Number of protein chains: 2
Amino acid sequence: MVQVETGMSQGDVAKLLQRHRYLGLPVVDQAQRLVGVISADSVLEAVEEKAADTIAKIVGTSSEEVKTRSIAVVMRLRLPWLLVSIASGLLCALLLGFFQDNLQTIAVLFLFVPVVLGLSESTGVQGATIAIRNITLGHVSIKDLGRLFFREVIVGVFIGIVCGTIVGTFAYLWQKNNLLGAALGGSMTLAIIISGLIGFLLPLLFQRFKIDPAIASGPLVLAICDLQTLVVYFGISLAVLAKS
Amino acid sequence: MVQVETGMSQGDVAKLLQRHRYLGLPVVDQAQRLVGVISADSVLEAVEEKAADTIAKIVGTSSEEVKTRSIAVVMRLRLPWLLVSIASGLLCALLLGFFQDNLQTIAVLFLFVPVVLGLSESTGVQGATIAIRNITLGHVSIKDLGRLFFREVIVGVFIGIVCGTIVGTFAYLWQKNNLLGAALGGSMTLAIIISGLIGFLLPLLFQRFKIDPAIASGPLVLAICDLQTLVVYFGISLAVLAKS
């Protein structure tokens, strides 16, 4: 019999409704006693709200923002995440400050900071989004997760190698420095792989500790990815270039 | 009478269903002739797909990615956007290359590149998301858009001032250079305001030319925001610091 149990995920209810093309389903508790009826339109509402919420959290605001006309409300919704972004950006500045003294030798590394950060960030956010979508849609079994994790690792390695190779080759051709090309390409590849893994694992960790996994999708994952990327990029590149 | 006209947006149909709590609605053409029936479950499916599509495009992939297990498919879906990100990142590197020669005097500006880019990007993506959500949910009338545009300008100014003030003050206290603090704060404020506007206007422009506005949400808006931010940031900061 097609029925919904109390505690079933939204995504599973939506899938049931779509598979059977019913307009409503009986809801039963664990003892199979009827406790109510859920209609397609209320599921529709819930699915819409969940999607709006995920989208809003990815970009660092709240879904309330679409509904409001008040500028004060918009600012209040965005401010907490804005402060997270500012804090992580200032940490990045302090981190880069350590390299300021021997800047002349590594000036060229600074030129590639935007591209290295940008690609690492986007891989991290993609990993987080895939993990969150799978959690929200109720696709998660341990076996599935293991498989998805493995897939994300491979995808991260491929993306890392593609980006690292293109950017490293560009750097070599432009700056006529093969050590730079190798250091840049290698460190970028590693940073991208790590970001993909952080992005994928952070929402699962949040889910494990009963924190809304969507929170792990936006400014927070960007902050962590940025910091690890700068450490990996400058750490490896300096070590390689110091040998020249 | 509650009915759906052919050509009505998905969002409007969903709103009608929710407002009246009906499980289905008659669909009529412009001459008010009945052409069919739309059920809540098919609207549910459409709404889910649209949301998945928007989320995927924001992060630079396609909603097909959640369904597939194939690594080759994932790579094929992400690669076009990855190449956009790489191209814009390399343009950023070339742009920064112009400042490489007088690096010693402006080394300190490079330290703040991650925080300036990060905040400008997130404001741009937020603007794009708000615009796309409003287009998707069918909220768009010219008057509404004008009001939203005005709101985004004000929000951008506020966010710009908050970020510019905090980061500028931090730079001043850290580097003991009040000109740097002022230049950084001012240029950052301006760059953030511009990014917010670009983010908001790009999806509307795409919509106008019948291109899927969601495409304007992800890597494309990031690329444009990054480039304008570096030009504004280095342009203004160098002009101010050159006077010292």
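Just so you know, the residues in each chain are numbered from 1, in the order the chain's sequence is written. For naming, the first written chain is A and the first written ligand is 1, with later ones following in the order written. Local features in this predicted model are restricted to residues of pLDDT 70 or higher, and side-chain atom pairs are both shown and tallied only at a pLDDT of 80 or more, whereas totals for entire chains, interfaces and linings draw on every residue. Values reported for side chains reflect all heavy atoms of the structure, with hydrogen atoms and water molecules removed beforehand.

J.: I would appreciate a short explanation of the packing of aromatic side chains in the present structure.
T.: Aromatic rings considered in pairs are described by the distance between their centres and by the relative angle of their planes. Under the pairing criterion, centres of Phe, Tyr and Trp rings, with the six-membered ring standing for Trp, must be within 6.5 Å; the plane angle then separates stacked pairs below 30 degrees from edge-to-face pairs above 60, leaving the rest tilted. Applying the stated criterion across every chain yields a total of twelve aromatic pairs over all chains. Plain terms: the ring middles of Phe-149 of chain A and Phe-200 of chain A are 6.1 Å apart, the flat faces sit at 45 degrees to each other, and that makes the pair tilted. Within this pair, whereas Phe-149 of chain A is found in helix H7 (residues 142-175), its partner Phe-200 of chain A is found in helix H8 (residues 178-208), the two being separated by 51 residues in sequence. Whether a residue is buried, partly exposed or exposed follows from its accessible area with a 1.4 Å probe, protein chains only, as a fraction of its type maximum: under 20%, in between, or over 50%, in that order. Exposure remark for Phe-149 of chain A: the relative accessible area of 30% places this residue in the partly exposed category. A relative accessible area of 1% means that Phe-200 of chain A is categorised as buried. An aromatic cluster of at least three residues, connected via ring pairs, comprises Phe-99, Phe-110, Tyr-233 and Phe-234 of chain A together with Phe-110, Tyr-233 and Phe-234 of chain B. Runs of E in the DSSP output that reach at least two residues are strands. Runs of H or I that reach at least four are helices, and both are numbered from the N terminus.

J.: So what exactly am I meant to see when it comes to the pairing of strand E3 (residues 34-39) of chain B here?
T.: Along a regular strand, successive side chains alternate from one face of the sheet to the other. Residues and elements named next belong to chain B. One bridge is not enough; two strands pair if DSSP finds at least two bridges between them. Pairing analysis gives five bridges linking strand E2 (residues 24-28) to E3, with the strands arranged antiparallel. Considered in E3, the bridge of Val-27 is made with Gly-36. Where E2 folds back on E3, the antiparallel hairpin that results is connected by five residues, among which Gln-32 adopts a positive phi of roughly 65 degrees.

J.: Help me understand the domain arrangement of chain A, please; the structure alone is not making it clear to me.
T.: Many structure descriptions define interface size as the accessible area lost when the parts assemble. Segmenting chain A into domains produces domain 1 (4-51) and domain 2 (91-242). Taking only C-alpha atoms into account, the centre of domain 1 of chain A sits 39 Å from that of domain 2 of chain A. Each domain's limits were defined by an automated method or a database of domain assignments.

J.: What am I meant to see in the pattern of salt bridges here?
T.: Side chains that differ in charge, positive against negative, can pair when their charged atoms come close. We define a salt bridge as a contact between a side-chain nitrogen of Lys or Arg and a carboxyl oxygen of Asp or Glu at a distance within 4 Å. Scanning the entire structure with this criterion turns up eight salt bridges over all chains. When the shortest N-O distance is used, the salt bridge between Asp-29 of chain A and Arg-33 of chain A registers 3.2 Å. Its relative accessible area of 15% is what places Asp-29 of chain A among the buried residues. Put simply, Lys-57 of chain A and Asp-212 of chain A hold a salt bridge, and the shortest N to O gap is 2.7 Å. A residue pair is termed long-range when its members are at least 10 positions apart, and Lys-57 of chain A in helix H2 (residues 40-58) and Asp-212 of chain A in the loop between H8 and helix H9 (219-242) qualify at 155 residues. Residue classification places Asp-212 of chain A among the partly exposed residues on the basis of a relative accessible area of 25%. Here the residues in one salt-bridge network are Arg-78 of chain A together with Arg-151 and Glu-152 of chain B, joined through shared partners.

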